[in-house]
Amino acid sequence: MRNLKSRLGICCLFVLVAWQGVARAADTASFAALAASLEEAVGAHGRYVAVREARIARLKQRLRETDASDSAFFRWNGEIYKEYKAYICDSAIHYLRLNMEWAERHHRWEEAVEAGLEFVYLTASTGMYGEATELLSRIDRAALPARLLPDYYKACHKLYTEMSFYTLDKVFKERYRKSAICYDDSLMQILPVSSPFFLERREMREAASGRMDEALSINDMRLAAVEPDTPEYALVTYQRSLLYRRLGNKEEEKRCLALSALTDIRLCITDHASLWNLAQLLYEEGDTERAYRYIRFSWEETNLYNARSRSLQTAGILSLIDLTYQAMRERQSDRLRFSLWLISALIVLLAAAMAFIYRQMKRLSAARNNLEYANEQLQLSNNIKEEYVGRFMNLCSVYINRLDAYRRMVNKKVSAGQLEELQQMVRSREMLEAGLKELHENFDTAFLHLFPHFVDEFNELLQPEGRIVPRKGELLNTELRIFALIRLGINDSSQIAEFLRYSVNTIYNYRAKVKSKARISREDFEMQVMKIR
């Protein structure tokens, strides 16, 4: 009986395919055309962000104007949550939690449970399994009204599906998988056969069973029932790409991923999978440069959304594409350097030829005084060249002499059997300390050449008693050097520690100690350091 209802529902929806065929003409665009639109959308991303932020600002204004005891407060909170749901995870959780607390405070049990189920679904989707499990355990399934049963089963199915996917333990993976299947079966028993989520689940089941023609037919109906440039359209086209992946149709898979990614960008949806999947596909086809652009953009969006599970999903492919892209750029740089050397050589030869011709013409047409003047200028030019060549040769000679002296000293001690003394020399940190000192002095000199007033302006950010003054003979000390690196854009403590040869904890302590003496808030201190000119 259930199968008969399913077939009837599916047959009814076939009608939608015909009358919306014209509206889907754009969906047949080639991947090349969609890729061009995708590049434009990435470039115009700031405009789409502004549109969403403007909507959120209007909703927040409505919320501020609403009394917290009014039911409209619950409604505006919910609208803000919907805006943040696929945009910024932290903010979505915040406003959803506000609604849960409001409903509990005003004894609106059904609204509290409804918000709680939404909270379970969202946190399960973003990897917060502990929070989702705890809240789900507090919901009494038997006491739920009929209208909330689909939400309950959806939340349970989502939680156990995600836990099954990410756990590394085989026993728990199988247990979670079976639980997800049970809740999916329960959900399918109560959903209307024509509902979008029923069709989505039905499509996935058909695909999992290998019945790809049936799965594509269901996806056709779902695609006909949604409007372009909507979140639903992005989801359906993404799921269609998964069907083509199973069929091995790479071109259609790319096209559907591009449609989905284009919709995500235009709607400023940061919780997406289509763009980084497209980047992976392009990378596999050798289109590394475009794959790199897409994965970098997708990674920035993922970081904005700020969900642990999304970062885990994209980190691997980002690293792989990034390494390949950097290797490709290095090869391009090598070719460019070779071309520049070749062009430079040709320019030198051309300049030499022109100079030779010029000098010949001068010899024929100019008087002796002009010739003497030219000789004087030529001699001056040669002197400048000799000076620069001499400096270069002297620098090379210094390093060669150092290496040769060290080689002779090592050879002498080895020949004399003074291995213990040689070992002590090798263990000594004197050379390392001298090298580090020279490195730091060079860094200090170069940095202060770029930012000559750095020390004074930095001290202006500190309280008078906490100002830092280098010792005599120093340009910068350790504290100043740390924040000089931060001013150059090196903000990671591990990178700073590696450069200065300190532990990461030491760098953290230095940073915290200096910021504790700031005249401004500690949170804004490093931002103000970045503004020093």
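Further up the page is the structure itself.
What you see is a predicted model; the values in this text were computed from it and never measured.

Calculation criteria
Residues numbered from 1 in each chain as written. Predicted model: local features only at pLDDT ≥ 70, side-chain atom pairs only at ≥ 80, totals over all residues. Heavy atoms only, no water. Helix = DSSP H or I, 4+ residues; strand = E, 2+ residues; numbered from the N terminus. Expected span 1.5 Å × (residues − 1). Buried < 20%, exposed > 50% of the residue type's maximum accessible area, 1.4 Å probe, protein only. Contact = heavy atoms within 4.5 Å. Polar contact = N/O pair within 3.5 Å; in protein donor to acceptor, adjacent residues only side chain to side chain. Phe/Tyr/Trp six-rings, centres within 6.5 Å; stacked < 30°, edge-to-face > 60°. Lys NZ or Arg CZ within 6 Å of the ring centre and 35° of its normal.

Novice: Looking at this model, I keep getting lost on helix α4 (residues 71-85). Mind explaining?
Specialist: For an α-helix the count is 3.6 residues per turn, leaving residues at separations of three or four pointing the same way. Spanning 15 residues, α4 covers 21 Å between terminal C-alpha atoms, matching the ideal 21 Å at 1.5 Å per step. Of the positions making up α4, those classed as buried are Ala72, Phe73, Phe74, Trp76, Asn77, Gly78, Ile80, Tyr81, Glu83 and Tyr84. Buried-residue contacts for α4 involve α3 (45-64), α5 (89-105) and α6 (109-125). With a side-chain oxygen positioned 3.0 Å from the backbone nitrogen of Ala72, the residue opening α4 is Asp70.

Novice: What is the right way to look at the environment of Glu40 in this model?
Specialist: Take Glu40: it is sitting in helix α2 (residues 31-43). Residue Glu40 is classed as exposed on the basis of its relative accessible area, which comes to 59%. The spatial distance from the C-alpha of Glu40 to the C-alpha of Leu262 is 9.6 Å, given a sequence separation of 222 residues.

Novice: Any chance you could explain the packing of aromatic side chains here in plain terms?
Specialist: Aromatic ring pairs are reported here in terms of the distance separating the ring centres and the angle at which the planes meet. On inspection of all chains with the given rule, the structure shows 18 aromatic pairs. With a centroid separation of 5.4 Å and 40 degrees between ring planes, the pair formed by Phe74 and Trp102 is classed as tilted. In this pair, Phe74 is assigned in helix α4 and Trp102 in helix α5, connecting sequence segments 28 residues apart. Comparing Phe74 with Trp102 shows no difference in burial state: the two are buried. Both rings, one in Tyr160 and one in Tyr183, keep their centres 5.8 Å apart while their planes meet at 10 degrees; by these two values the pair is stacked. With Tyr160 in helix α8 (residues 149-166) and Tyr183 in helix α9 (residues 170-190), this pair connects stretches of sequence that are 23 residues apart. By relative accessible area, which is 21% here, Tyr160 ends up partly exposed. The residue whose ring lies beneath Arg75 is Trp76, and the NZ or CZ to ring-centre distance is 4.4 Å. Sitting over the ring of Phe197, Lys154 keeps its end group 4.6 Å from the ring centre.

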